[in-house]
Protein chains: 2
Amino acid sequence: MKLDELDKKILGYLQQDAKITNKELSAKLNLSVTAIYERVKKMERSGVIAQYITLLNKDIVGLGFQVFCHVKLEKHAQNAIDSFEKEVTALDEVLECFHVSGDYDYLLKVLVRDMEHFRNFMVSKLTTLKYIGSTQSSFTISEVKNTTTITV
Amino acid sequence: MKLDELDKKILGYLQQDAKITNKELSAKLNLSVTAIYERVKKMERSGVIAQYITLLNKDIVGLGFQVFCHVKLEKHAQNAIDSFEKEVTALDEVLECFHVSGDYDYLLKVLVRDMEHFRNFMVSKLTTLKYIGSTQSSFTISEVKNTTTITV
DNA sequence: TTTGAAAAGGTCCGGAA
DNA sequence: TTCCGGACCTTTTCAAA
């Protein structure tokens with residue numbers, strides 16, 4: 001789908017605030033409410049707009065301990081990959097899992113309450129998965145930048 | 001803030017869909033629209049609910065090439081850290097940057113169009129930052145799991 | 001694709017339990 | 001905290017350009 005400058009501006013605002021009204025957008029962009037409405041609907045239909053979601057505050061919710069786990073598998077046969085990917089996806093603590101190139105196979109973003117909970121996650125969840133080879137963990141000292149906003 | 005089971009269910013639905021109406025929630029949870037409304041407002045005020053945002057489809061938007069960059073700084077003096085963090089935050093291609101423990105100092109999530117664009121990002125942006133020591137990149141082969149939904 | 005106007009539906013109060 | 005009812009605002013549809 002081709003996006004013109006107006007579409008890109010709409011996406012800019014929507015990425016920051018899913019609840020901005022068409023009326024507010026129409027005022028910012030000097031278009032009628034209906035014109036905004038049609039453009040947004042078109043971007044929803046084409047899939048450019050994937051989802052409207054709510055972000056929670058990790059710290060307030062008590063999950064401020066963020067860890068990146070580098071995982072190597074023992075075997076790289078298809079069944080090992082399928083098994084690991086299925087099992088790791090089922091873990092609530094794992095928000096992200098990417099199959100990556102390089103020294104290890106997977107990079108995981110893990111969210112837990114504290115070191116105590118992380119230890120428990122490692123011992124009784126992650127390292128019990130089938131075909132797990134080695135893991136290496138990096139603890140987050142500080143979040144320098146963390147956005148979902150794409151510059152289109 | 002203390003969250004009861006009802007609050008947690010509301011958060012579960014809101015995290016998946018920021019546009020779910022209070023009416024829909026009230027039907028799912030057998031509460032009045034006003035009761036839902038009050039609970040949501042309270043969670044907004046307390047900061048549990050941080051933001052309502054829109055997610056775009058990276059692939060459709062033409063930014064489907066995802067790379068994790070491990071960065072080591074040359075110096076670890078405060079001014080070097082401040083300088084690097086400020087500069088890296090300004091880069092649109094860098095969606096996430098975490099100061100982490102381990103063999104390297106920072107872990108970056110970088111989003112670009114393709115390898116060509118990544119090469120350009122490395123050569124003319126990332127490696128030109130002050131105090132950059134070494135970098136190591138991992139390319140994403142596949143996205144196994146990628147959610148923002150926290151289990152509360 | 002755009003517009004204004006009107007119907008349909010949701011948000012957000014006040015007052016009461 | 002909960003509920004109901006109503007005022008207000010937003011979304012959605014429509015005919016027209």
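Small disclaimer: the values here were computed from a predicted structure and weren't measured.

A. How the structure looks around the pattern of salt bridges. Scanning the model with the defined rule gives 16 salt bridges over all chains in all. Among the charged side chains, a network of salt bridges with common partners joins Glu96(A), Lys109(A), Glu96(B) and Lys109(B).

B. Spatial organisation of the protein's contact with DNA strand D. Around DNA strand D, the neighbouring residues are Thr21(A), Asn22(A), Lys23(A), Thr34(A), Tyr37(A), Lys41(A), Leu31(B), Ser32(B), Thr34(B), Ala35(B), Arg39(B) and Lys42(B). Backbone atoms, meaning sugar and phosphate, make up 70% of the atoms of DNA strand D lying within 4 Å of the protein. Contact distances for DNA strand D include 2.8 Å between a base nitrogen and a side-chain N or O atom of Thr34(B). In the model, a phosphate oxygen of DNA strand D is placed 2.5 Å from a nitrogen or oxygen of the Lys42(B) side chain. Elements supplying a minimum of two residues to the surface near DNA strand D: α2 (22-29) and α3 (33-46) of chain A together with α3 (33-46) of chain B. The biggest single contributor to the surface near DNA strand D is α3(B), with four residues.

C. Main features of the nonpolar core. Ile10(A), Ile49(A), Ile10(B) and Ile49(B) are the most contacted members of the largest nonpolar core, which totals 39 residues. Excluding anything up to four places from it in sequence, Ile49(B) contacts Thr54(A), Leu55(A), Leu56(A), Leu11(B), Leu14(B), Val40(B), Met43(B) and Glu44(B).

D. Looking closely at the protein's contact with DNA strand C. Taken together, the neighbourhood of DNA strand C is formed by Leu31(A), Ser32(A), Thr34(A), Ala35(A), Arg39(A), Lys42(A), Thr21(B), Asn22(B), Lys23(B), Thr34(B), Tyr37(B) and Lys41(B). Expressed as a percentage, the sugar and phosphate content of the atoms of DNA strand C within 4 Å of the protein is 78%. The contact in question runs from a phosphate oxygen of DNA strand C to an N or O atom on the side chain of Ser32(A), over 2.4 Å. Contact distances for DNA strand C include 3.1 Å between a phosphate oxygen and a side-chain N or O atom of Lys42(A). Elements represented by at least two residues in the surface near DNA strand C include exactly α3 of chain A together with α2 (22-29) and α3 of chain B. Broken down by element, the surface near DNA strand C gets its largest block of residues, four residues, from α3(A).

E. Examining the relation of the copies chain A and chain B more closely. Each copy of the sequence occupies a distinct position, and chain A is placed on chain B by a rotation of 180° and an axial shift of 0.0 Å, giving an RMSD of 0.0 Å. These values place the two chain copies in the arrangement generated by a two-fold rotation axis. Distance from the rotation axis, computed per C-alpha, reaches its smallest value in chain A at Ile53(A): 2.7 Å. Of the residues that chain A buries at the interface, 100% are likewise interface residues in chain B, meaning the two copies contact each other through the same surface.

F. Seen up close, the interface of chain A and chain B. Across the boundary between the two partners, chain A contributes 61 residues, which contact 61 residues of chain B. Overall, the association of chain A and chain B removes approximately 5,700 Å² of surface from exposure, summing both partners, and the carbon and sulfur fraction of that is 58%. Of all residues in chain A, the largest losses of buried area upon contact with chain B belong to Thr54(A), Leu56(A) and Lys145(A), amounting jointly to 13% of the total for that side. Joining chain A to chain B, the criterion identifies two salt bridges. The partner of Lys109(A) in a salt bridge is Glu96(B), and the shortest N-O contact between them spans 2.8 Å. Counting across the chain A and chain B interface gives 42 residue pairs in polar contact (both at pLDDT 80 or more). Elements that contribute at least two residues to the side of chain A that touches chain B include exactly α1 (5-16), β1 (49-56), β2 (65-73), α4 (78-89), β3 (94-100), β4 (106-112) and β5 (132-146) of chain A. Looking at the side of chain A that touches chain B element by element, the count peaks at ten residues for β5(A). Tallied by class, the residues present in the side of chain A that touches chain B amount to 30 nonpolar, 21 polar and ten charged. By the bridge criterion, five bridges tie β3(A) to strand β5 (residues 132-146) of chain B in an arrangement that is antiparallel.

Cut-offs applied
Residues numbered from 1 in each chain as written. Chains lettered and ligands numbered in written order. Predicted model: local features only at pLDDT ≥ 70, side-chain atom pairs only at ≥ 80, totals over all residues. Heavy atoms only, no water. Salt bridge = Lys/Arg side-chain N within 4 Å of Asp/Glu carboxyl O. Near = heavy atom within 4 Å. Polar contact = N/O pair within 3.5 Å; in protein donor to acceptor, adjacent residues only side chain to side chain. Helix = DSSP H or I, 4+ residues; strand = E, 2+ residues; numbered from the N terminus. Core = buried A, V, L, I, M, F, W, Y, C linked by side-chain atoms within 4.5 Å. Buried < 20%, exposed > 50% of the residue type's maximum accessible area, 1.4 Å probe, protein only. Contact = heavy atoms within 4.5 Å. Least-squares fit on C-alpha atoms with pLDDT ≥ 70 in both. Buried area = accessible area lost by both parts, 1.4 Å probe. Nonpolar A, V, L, I, M, F, W, Y, C, P; charged D, E, K, R; others polar. Pairing = 2+ DSSP bridges.

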